[in-house]
Amino acid sequence: MLSNKEDVIEECKRRYGMPELVVFSPGRANIIGEHTDYSGGYVLPFATSAGLYFAAKKRKDLLFEITSMDTRESEIFEIDSSGIPKTTGFTRYIRQALLQLQVSEIPFGISLLVKGDLPLGAGMSSSSALTCGFLALCNEFYNLRLNKKELVELAVKAEHGTGVIGGKMDQYTIFFGEENKALLLDCQTMTHDNIDVNVEPFGFFLINTKVKHDLIDSPYNTRRNQSELALQKIQNFENNHSLLYKDLASATKYKKVLDDTLFKRAQHIISENQRVLNMVKSLQTADINTCGKILNDSHYSLRHYYEVSCPELDFLTDICSEFDDWKGGRMMGGGFGGCTINIFLKKNIYLHFEKIASSYFKKFGLVPELYSISPSGCLYTESLDS
Ligand code: GLA
């Protein structure tokens, strides 16, 4: 059987001829630091080996022909004289990426095939993988000389253009991920430290609820607004407008200036920033029990204070807690579906998962999926000889 990379190359050869460029754009997992990125807090994500492969060939005309081999969708469109892509189809992330690049005088169009093993809409940043991969590809083809940080910023803006005002964690991880390392990213300074991730004989496992969340329709943007409003009120109270959640030890003092909802949101963000730093310490001392407990505390906070969980995610974390080989887990990503991230003893995980899957199916009529994940390398581009 062909790998995804061989598959996109072969399909490109068959349709258009030998591709000139292949891009791999990974997904991202997040150990901890959920809903902290857009308020300048800490996160601890890593790039996954699951990702998207792109095979691209320059065209003689000015058209873009984009095909997803996963969803079997294909679209062909052109860019008008002011650099605006004339499309509204499934390629919305690509359209937004092109808008950001403002390549009004593009020298040639692109034929592109995309295929991967990244579950779509599962909270592993398939949309960022697509946006970042396409921007990296244009950077090479059009010789734009953008550096990684500039590409991160463009990808973030492009994704905002689709309606979700997300943070920068996903795009940064895709461009800066490293094998065996998680990134302790400070989303205020946008700089990171590499953290060794070795939890042997345990491992990180994602369980996909198969509930599809589309952040555009979810209250993600509402949470972001609430997070900003609560911070403003705290800053006003302290008369310090550069104060951030990550500088605070507790939300208690602000109970009188925040309503119940804003107080809960602040409580989550303040404690989650601390959990990121505690997780780093526990990973460094290989204290797996504490790592697990921190994940559980995070889930509690996301469920009750930030209110971004859902019954499927709660059920999965509850049922996993019945296994001695499980050290802890929580919902991962924006929420309202997607995956849980768990620390499980590797041995016997598949046996345990059969039981988890059967209970989950009985309750929700859905078949969950299990992914074993570990930190992998970042996005790369590879020129091929034509
Ligand atoms: C989504 C966003 C990220 C981040 C997470 C929640 O994945 O794209 O920027 O806010 O949700 O931590």
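About the criteria used
Residues numbered from 1 in each chain as written. Predicted model: local features only at pLDDT ≥ 70, side-chain atom pairs only at ≥ 80, totals over all residues. Heavy atoms only, no water. Near = heavy atom within 4 Å. Polar contact = N/O pair within 3.5 Å; in protein donor to acceptor, adjacent residues only side chain to side chain. Areas by Shrake-Rupley, 256 points an atom, 1.4 Å probe, with all protein chains shown as cover. 1 Å grid on protein atoms, 1.4 Å probe; cavity = no way out; pocket = protein on both sides within 12 Å on 5 of 7 lines; lining within 4 Å. Sits in = over half its atoms within 2 Å of the grid points. Nonpolar A, V, L, I, M, F, W, Y, C, P; charged D, E, K, R; others polar. Disulfide = S-S within 2.5 Å. Buried < 20%, exposed > 50% of the residue type's maximum accessible area, 1.4 Å probe, protein only. Helix = DSSP H or I, 4+ residues; strand = E, 2+ residues; numbered from the N terminus. Contact = heavy atoms within 4.5 Å. Pairing = 2+ DSSP bridges. Axes fitted to C-alpha atoms, helices over the stretch in contact; angles between N-to-C directions. Phe/Tyr/Trp six-rings, centres within 6.5 Å; stacked < 30°, edge-to-face > 60°. Lys NZ or Arg CZ within 6 Å of the ring centre and 35° of its normal. pLDDT = per-residue confidence, 0-100. Core = buried A, V, L, I, M, F, W, Y, C linked by side-chain atoms within 4.5 Å. Points joined across faces, edges and corners; volume = space filled by probe spheres on them.

### What to know about the site of the ligand
Alright, step 1. Around the ligand, the structure places Arg28, Glu34, His35, Asp37, Tyr38, Gly167, Met169, Asp170, Tyr220, Gly333 and Gly334.
Alright, step 2. One of the side-chain N or O atoms of Tyr220 is found 2.5 Å from an oxygen atom in the ligand.
Alright, step 3. Starting from 300 Å² of accessible surface for the ligand in isolation, the protein chains cover 94%.
Alright, step 4. Here the ligand occupies the largest pocket.
Alright, step 5. A breakdown of the residues in the shell around the ligand according to their chemical character gives 3 nonpolar, 4 polar and 4 charged.

### Observations concerning the state of the cysteines
Alright, step 1. All chains considered together, the criterion is met by 0 disulfides.
Alright, step 2. Between Cys320, a cysteine without a disulfide, and Cys339, which holds the nearest cysteine sulfur, the sulfur-to-sulfur distance is 12 Å.
Alright, step 3. The buried category is assigned to Cys320, whose relative accessible area is 0%.

### Remarks on helix H2 (residues 92–101)
Alright, step 1. Considered for burial, the residues of H2 that qualify are Tyr93, Ile94, Gln96, Ala97, Leu98 and Leu101.
Alright, step 2. Buried-residue contacts for H2 involve strand E4 (63–68), strand E5 (73–78), strand E6 (110–116), helix H3 (126–141) and helix H4 (148–160).

### Details of the side chain of His352
Alright, step 1. Within the element layout of this structure, His352 appears in helix H10 (residues 349–364).
Alright, step 2. A polar contact of 2.9 Å, which involves the side chain of His352, links it to the side chain of Asp325.
Alright, step 3. His352 has contacts with Phe323, Asp325 and Phe344, leaving out every residue within four places of it along the chain.

### A few points about the sheet that holds E4
Adjacent strands of a sheet form backbone hydrogen bonds with each other and so pair up, either parallel or antiparallel.
Alright, step 1. In spatial order, the strands read E5-E4-E6-E3-E1-E13; together these 6 strands make up an open sheet with mixed pairing. Looking at the sheet topology across the chains shown, the edges are occupied by E5 and strand E13 (380–383). The sheet shows a mean angle of 20 degrees between the axes of neighbouring strands, direction not considered.
Alright, step 2. Across 4 bridges, the pairing between strand E1 (residues 21–30) and E13 is antiparallel. Paired with Val22 across the strands is Glu382, a residue of E13.

### Details of the packing of aromatic side chains
Alright, step 1. Across all of its chains, the model carries 15 aromatic pairs by this definition.
Alright, step 2. An angle of 80 degrees between the planes, with centres 6.0 Å apart, marks the rings of Tyr300 and Tyr305 as edge-to-face.
Alright, step 3. What makes Tyr300 partly exposed here is its relative accessible area of 47%.
Alright, step 4. Here the aromatic residues Phe24, Tyr53 and Tyr380 are joined through ring pairs into a cluster of three or more.
Alright, step 5. Above the ring of Phe176, the side-chain terminus of Lys148 is found at 5.0 Å from the ring centroid.

### Focus: the sheet that holds strand E2 (residues 42–43)
Alright, step 1. The antiparallel open sheet is built from 3 strands, whose spatial order is E2-E7-E8. If you trace the sheet from one side to the other, it starts and ends with E2 and strand E8 (191–196), each paired once.
Alright, step 2. Bridging between E2 and strand E7 (residues 181–186) involves 2 bridges; their strand directions are antiparallel. Opposite Val43, over in E7, you have Leu185 as the bridge partner.

### Regarding unusual backbone geometry
Alright, step 1. The omega angle of the peptide bond from Glu200 to Pro201 is 0 degrees, so this bond is cis rather than trans.
Alright, step 2. When you line up the elements, Pro201 lands in the loop between E8 and strand E9 (202–208).
Alright, step 3. The backbone phi angle of Ala286 is positive, close to 50 degrees, even though this residue is not glycine.
Alright, step 4. In the Ramachandran plot, Phe336 falls in the positive-phi region, its phi being about 60 degrees despite a non-glycine side chain.
Alright, step 5. Looking at where Phe336 falls in the secondary structure, it is placed in the loop between strand E10 (326–331) and strand E11 (339–345).

### Comments concerning the environment of Lys5
Alright, step 1. The topology assignment puts Lys5 in helix H1 (residues 4–15).
Alright, step 2. For Lys5 and Gly116, which are 111 residues apart along the polypeptide, the C-alpha to C-alpha distance reads 8.1 Å.
Alright, step 3. What Lys5 contacts, discounting residues up to four positions off in sequence, is Val22, Tyr53, Tyr380 and Glu382.

### Brief notes about the confidence of the model for the chain
Alright, step 1. Of the residues in the chain, 98% reach a pLDDT of 70 or more, and the chain-wide mean stands at 95.
Alright, step 2. Within the chain, the lowest mean pLDDT, 93, falls on H2, and the highest, 99, falls on E2.

### A few points about the nonpolar core
Alright, step 1. By size, the foremost hydrophobic cluster in this structure holds 79 residues, and its most contacted members are Leu44, Phe64 and Leu112.
Alright, step 2. The greatest single-element share of this core, amounting to 9 residues, is contributed by H3.

### With respect to the layout of surface pockets
Alright, step 1. Reported here for the largest pocket is a volume of approximately 1,000 Å³.
Alright, step 2. Taken together, 46 residues line the largest pocket, and the ones lying closest to its centre are Tyr93, Gly121, Ser126, Ser127 and Ser128.
Alright, step 3. Within the residue set of the lining of the largest pocket, elements represented by two or more residues are E4, H2, H3, H4 and helix H5 (169–176).
Alright, step 4. The greatest single-element share of the lining of the largest pocket, amounting to 4 residues, is contributed by H3.
Alright, step 5. Along the lines of polarity and charge, the residues of the lining of the largest pocket split into 17 nonpolar, 19 polar and 10 charged.

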